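Coordinate inspection notes
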Amino acid sequence: MSPLSLDLLRTFLAVHRTGSLTAAAQTLGLSQPAVTAQVKTLESALDRPLFDRLPRGVAPTPAADELARRVAAALDALDEVVESELPSDEAVHLGGPAEFLCEVVMPMLAPLVKDGLRLRTTLGLSDDLLADLAAGRLDLVLSTIRPRVRGVQADPVYDEEFLLVAAPPLAAMWRDAKAGVPLVAYAEDLPIVRRYWRTVYGRRPAMAAQVVIPDLRGVLSAVRAGMGISVLPAYLCRDDLAAGTLVTLADPEEAPINTGYLAVRTGAQARPAVARARAHLLEAFRANPLY
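1. Section: the environment of A268
Looking at the secondary structure, you find A268 in the loop between strand 11 (257-265) and helix 11 (272-287). Classification of A268 by relative accessible area gives buried; the value is 0%. Each C-alpha atom, one on A268 and one on R17, is 8.9 Å from the other, the two residues being 251 residues apart in sequence. If we ignore the near neighbours within four places in the chain, the residues touching A268 are D139 and V274.

2. With respect to the nonpolar core
In summary, soluble globular proteins display a tendency toward joint burial of nonpolar side chains. Core analysis: the largest hydrophobic core is formed by 38 residues, its most contacted members being L94, F100, V105, L140, L142, L232 and F285. Of all the secondary-structure elements, those providing two or more residues to this core are strand 3 (92-96), helix 5 (98-114), strand 5 (140-143), strand 6 (152-166), helix 9 (216-224), helix 10 (234-243), strand 11 and helix 11. Within the second largest apolar cluster, 22 residues are counted, among which are L42, L50, L67 and L75.

3. Notes on helix 5
For helix 5, the principal kink sits at M106 and spans about 50 degrees; a proline, P107, occurs within the next four residues. Along helix 5, the positions that sit buried rather than exposed are A98, E99, F100, L101, V104, V105, M108, L109 and L112. Two residues or fewer past helix 5, G116 is found with a positive phi of approximately 110 degrees.

4. Some details on the side chain of S20
You can see S20 is positioned in the loop between helix 1 (6-18) and helix 2 (21-28). One polar contact links the side chain of S20 to the main-chain amide nitrogen of T22, over a distance of 3.2 Å. A polar side-chain atom of S20 sits 3.0 Å from the main-chain amide nitrogen of A23. When sequence neighbours within four positions are dropped, the list of residues in contact with S20 reads V15, G57 and V58.

5. Describing the layout of surface pockets
Computed from the structure, the largest pocket encloses a volume of approximately 550 Å³. Secondary-structure elements contributing two or more residues to the lining of the largest pocket are helix 5, helix 6 (126-134), strand 6 and helix 8 (191-201). Tallying contributions element by element places helix 8 first for the lining of the largest pocket, with 4 residues. Across the lining of the largest pocket, the residue classes break down as 14 nonpolar, 4 polar and 4 charged.

6. Description of the pattern of salt bridges
Summed over the entire model, instances satisfying the criterion amount to 10 salt bridges. When the shortest N-O distance is used, the salt bridge between D115 and R276 registers 2.5 Å. Within this pair, whereas D115 is found in the loop between helix 5 and strand 4 (119-123), its partner R276 is found in helix 11, the two being separated by 161 residues in sequence. Its relative accessible area of 51% is what places D115 among the exposed residues.

Reading guide: rules and limits
All residue numbers refer to positions counted from 1 along the written sequence of the respective chain. A pLDDT threshold of at least 70 governs which residues receive local features in this predicted model, and a stricter bar of 80 or more applies before side-chain atom pairs are shown or counted, although totals over entire chains, interfaces and linings include all residues. Side-chain numbers here rest on the full set of heavy atoms in the structure, without hydrogens or water. A run of H or I in DSSP counts as a helix once it spans at least four residues, and a run of E counts as a strand once it spans at least two, with each numbered from the N terminus. Relative accessibility under 20% of the residue-type maximum defines a buried residue, over 50% an exposed one, and the middle range a partly exposed one, all with a 1.4 Å probe and only protein chains included. Contacts between residues were defined by any pair of non-hydrogen atoms, one from each residue, lying within 4.5 Å. Note on terminology: a nonpolar core comprises buried Ala, Val, Leu, Ile, Met, Phe, Trp, Tyr and Cys residues joined through side-chain atoms within 4.5 Å. Fitting axes to the seven residues ending at a residue and to the seven starting there, one defines the bend at that residue as the angle between these axes. Polar contact criterion, stated in full: a pair of N or O atoms within 3.5 Å, where within protein one must be able to donate a hydrogen and the other to accept it, and residues adjacent in sequence count only if both atoms are side-chain atoms. Of the grid points, spaced at 1 Å and generated over the protein atoms alone, those admitting a 1.4 Å probe that cannot get out make up cavities, while open sets with protein on both sides within 12 Å along at least five of seven lines make up pockets; any residue with an atom within 4 Å of a point is treated as lining. Grid points are joined across faces, edges and corners, and a volume is the space filled by probe spheres set on the points. Just so you know the grouping, Ala, Val, Leu, Ile, Met, Phe, Trp, Tyr, Cys and Pro go in nonpolar, Asp, Glu, Lys and Arg go in charged, and all remaining residues, Gly too, go in polar. Definition used for salt bridges: Asp or Glu carboxyl oxygen within 4 Å of a side-chain nitrogen of Lys or Arg.

What follows is the structure in structure tokens.
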């Protein structure tokens, strides 16, 4: 048998790790037909099938598992040598909630950016971001949903506590009346406020939003200006609470908490830039007592 092309083996390994021809194509920067053709060429050269086609993605055969076991370490080591010795303009693609990514994660990554990391970000909801991660369009995602997708690894990295807050003048009105105080919300259906009310008060909130701003930083600004009360994550309003420009309206024994996860595509971890960014974020979260 003629020596196998490294390109064929790299493509095979990407498909094996992602469990998808489409995701492998995204990872490698190739078209899906090109990835399919390379897998078929390798199967022909080895004279055995490597993947079973499924309605969604592919499943490796025992022969594919054995081939991956034999070649993965060598290919990863070769890629690491090349990327460490030669300049690369490859960027790390990171996704997460807009407010958390901008307020918390960007400062964490500043040292890596100063050291040459090229970073691209996508802001959005966890469901959409995890779909992009599985498809190979993102390398890392901060998600408030635990991903249960083949080829994606996730580590819990932070707990996001929610607080009912207001500017001091409105806090006095709330304590006197509770009803009739304006509400500022992230969305019309009050997802954050509704969860807080159910957890703390055991019922749905009776009020409707007077102001709706689909960005928690805007909600914070409106509450700070005295436009109404709201429920906000603690990381976003801790400075205002320390300065006295906001106060909490309740001190529940058990406040609502979201657990956040750092998710990575298994195949992307072979890239040194992705592995370095992931390791740095894990260490930064573990070193910060707030998370």
